[in-house]
Amino acid sequence: MFPLHPLSLLGAILLCLPLAAIFTFTTPSSPIDAATSLPIIAFEPNLTNKHQEPISSPPFKTLGESRIKKQTTVNATTPPPPPPLPPVISIEDEADDQSLFKLAYRVDPSPKPKKKLAFMFLTTSSLPFAPLWELFFSRAAANSYNIYVHVDPSVNSTGSFRGVFANRIIPSKPTRRNTPTLIAAARRLLAHALLHDESNWMFAILSPSCIPLHSFNYTYRTLIRSRRSFIEILENEPGAHARWAARGEDAMLPEVEYKDVRVGSQFWVVKRKHARIIVRDTRLWSKFKLPCLHDYTCYPDEQYFPTLLSMVDPLGCIPCTLTHVDWRGGHGGHPRMYEPSEVGPELIRSLIKARPRYGDDRLDGSNSTVRKRHDPFLFARKFSPGALHHLINMAHEVIFKD
């Protein structure tokens with residue numbers, strides 16, 4: 001082996017010094033030093049657009065942030081639900097009624113002798129057939145009946161109610177067709193009748209277009225001897241589901257399921273027990289008082305009473321109305337109106353001979369509780385006010401001749 005010359009060794013050392021300096025300054029001495037010495041990467045703004053907003057979020061998104069943005073986008077495109085409809089009956093009127101109903105329910109359930117009939121007229125105006133009703137009541141004992149009138153307070157009724165109707169108007173509230181105000185008015189009549197006279201036994205609701213078909217004595221005997229109410233209760237009527245869902249598809253739940261809903265005439269005669277049940281109810285009323293979405297499916301007074309009594313005491317009801325009405329030729333939800341030219345003895349006698357339909361059965365159907373009944377119609381509607389003269393002329397010879 002050749003010996004190294006001193007100059008050669010010095011040259012080699014000088015050649016290695018730059019490489020040693022590079023390794024000394026670029027190689028980390030420990031892991032911690034390496035972490036602190038990593039270069040920081042900054043995102044420079046786009047200098048070509050001086051109005052661009054600075055970046056406020058990282059250029060990447062987590063999975064959670066992606067879901068939030070997706071959900072926000074969907075909600076932004078979905079229209080908000082419509083606001084709830086305003087209540088038909090004001091809070092003040094509702095509070096007044098509830099105070100009245102609580103008092104009415106507390107009355108003695110057993111009537112005092114002598115039993116009386118309560119005739120309850122629900123009207124928005126005067127009673128066009130008041131003279132005929134005057135004749136009807138003229139042969140009645142004073143201690144056998146009471147009269148109550150609910151009239152829209154917006155109507156000037158001063159001087160319109162005389163004779164047996166004088167001072168018979170109860171504190172009333174405005175009413176409107178296709179709304180629960182008609183239910184509230186009927187309940188108000190019941191409450192005042194219960195509180196006014198403990199002898200009231202049967203309660204009949206009547207309209208201004210109603211007329212009597214028999215004498216008072218015949219009407220009194222028919223109703224007083226009955227132990228059950230007369231109220232039409234129909235289960236399988238066309239359009240029943242649309243009426244049930246009139247406030248919204250599930251608005252009546254859970255208080256009123258569709259299987260429980262019933263339909264029937266708003267003109268009924270109920271006994272004292274059922275009058276107290278009606279004024280006491282708050283459960284079904286909490287649903288039936290809600291506003292409907294459309295008027296053409298909203299007939300709450302034709303559903304509330306038959307549904308309530310069908311759920312509470314179906315065997316205590318005769319499922320028929322004693323008020324005759326002819327739907328042939330009816331329109332707009334209104335039954336046929338008898339005009340003066342067609343009102344005569346023949347028409348009245350045909351109404352007197354007619355018999356009601358019992359529930360979903362036809363006359364004398366399969367319902368064992370009513371199979372052998374032949375109840376008469378005691379009242380009839382609708383009559384044009386112009387027919388009063390014809391009715392008065394045949395009152396004693398046809399209408400009141402039992």
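Scroll up for the structure.
Here, residues in each chain are numbered from 1, in the same order as that chain's written sequence. For this predicted model, a pLDDT threshold of at least 70 governs which residues receive local features, and a threshold of 80 or more governs which side-chain atom pairs are given and counted, while totals over whole chains, interfaces and linings are taken from all residues. To get the side-chain values, all heavy atoms of the structure are used, and hydrogens and water are removed first.

**Observations concerning the environment of Ser 226**
We count a stretch as a helix when DSSP gives it H or I for four or more residues in a row; a strand needs E for two or more, and each element gets its number in order from the N terminus. By secondary structure assignment, the location of Ser 226 is in the loop between helix H7 (216-224) and strand E5 (229-230). The rule is simple: take the accessible area with a 1.4 Å probe, protein chains only, and divide by the maximum for that residue type; under 20% is buried, over 50% is exposed, in between is partly exposed. Looking at Ser 226, the relative accessible area reads 8%, which means it is buried. Sequence separation between Ser 226 and Met 202 is 24 residues, and the spatial gap between their C-alpha atoms is 9.0 Å. Should any heavy atoms of two residues lie within 4.5 Å, those residues are considered in contact. The contact partners of Ser 226, leaving out residues within four places of it in the chain, are Trp 201, Met 202 and Ile 318. Between N or O atoms, a polar contact is any pair within 3.5 Å; within protein, one atom must be a potential hydrogen donor and the other a potential acceptor, and residues adjacent in sequence are included only when both atoms are from side chains. In this structure the side chain of Ser 226 is engaged in a polar contact, spanning 2.8 Å, whose partner is the backbone oxygen of Arg 228.

**Here we look at helix H11 (residues 304-312)**
In terms of burial, H11 is a largely internal element, seven of the nine residues being buried. Among the residues of H11, Tyr 304, Phe 305, Pro 306, Thr 307, Leu 308, Leu 309 and Ser 310 are the ones counted as buried. Among the structural elements, helix H6 (181-196), strand E6 (269-271), helix H9 (272-280), helix H10 (285-288) and strand E7 (317-318) are those in contact with the buried residues of H11.

**Considerations on empty space enclosed by the protein**
To find leftover empty space, one rolls a probe the size of a water molecule over the atoms. Both site types are read off a 1 Å grid over the protein atoms alone. A 1.4 Å probe that fits but cannot get out defines a cavity, while an open set with protein on both sides within 12 Å along at least five of seven lines defines a pocket; lining residues have an atom within 4 Å of a point. Grid points are joined across faces, edges and corners, and a volume is the space filled by probe spheres set on the points. One pass over the full model with this rule turns up one cavity of 30 Å³ or more. Considered as a void within the structure, the largest cavity measures approximately 30 Å³ in volume. Lining the largest cavity we find Phe 121, Leu 127, Phe 129, Trp 133, Ser 207, Pro 208 and Cys 210. Gly counts as polar in this scheme, as do all residues outside two lists: the nonpolar Ala, Val, Leu, Ile, Met, Phe, Trp, Tyr, Cys and Pro, and the charged Asp, Glu, Lys and Arg. Across the lining of the largest cavity, the residue classes break down as six nonpolar, one polar and no charged.

**Brief notes about the environment of Gly 330**
Along the polypeptide, Gly 330 turns up in the loop between strand E8 (323-324) and helix H12 (345-353). For Gly 330, a relative accessible area of 31% translates into the label partly exposed. Not counting chain neighbours up to four residues away, the residues in contact with Gly 330 comprise Pro 335 and Arg 336.

**Things to note about the pattern of salt bridges**
Just to be clear on terms, a salt bridge is a Lys or Arg side-chain nitrogen sitting within 4 Å of an Asp or Glu carboxyl oxygen. All told, the structure shown has 16 salt bridges when counted by the stated rule. Lys 173 is the salt-bridge partner of Asp 96, the closest N and O atoms lying 3.6 Å from each other. Note that Asp 96 is positioned in helix H4 (residues 91-105) and Lys 173 in the loop between strand E2 (145-151) and H6, a separation of 77 residues in sequence. Between Asp 97 and Arg 188 there is a salt bridge whose closest N-O contact spans 2.9 Å. Placement of the pair is Asp 97 in helix H4 and Arg 188 in helix H6, with a sequence separation of 91 residues. The same class applies to Asp 97 and to Arg 188, which are both buried. Residues joined in a network through salt bridges with shared partners are Asp 326, Arg 328, Arg 336 and Glu 342.

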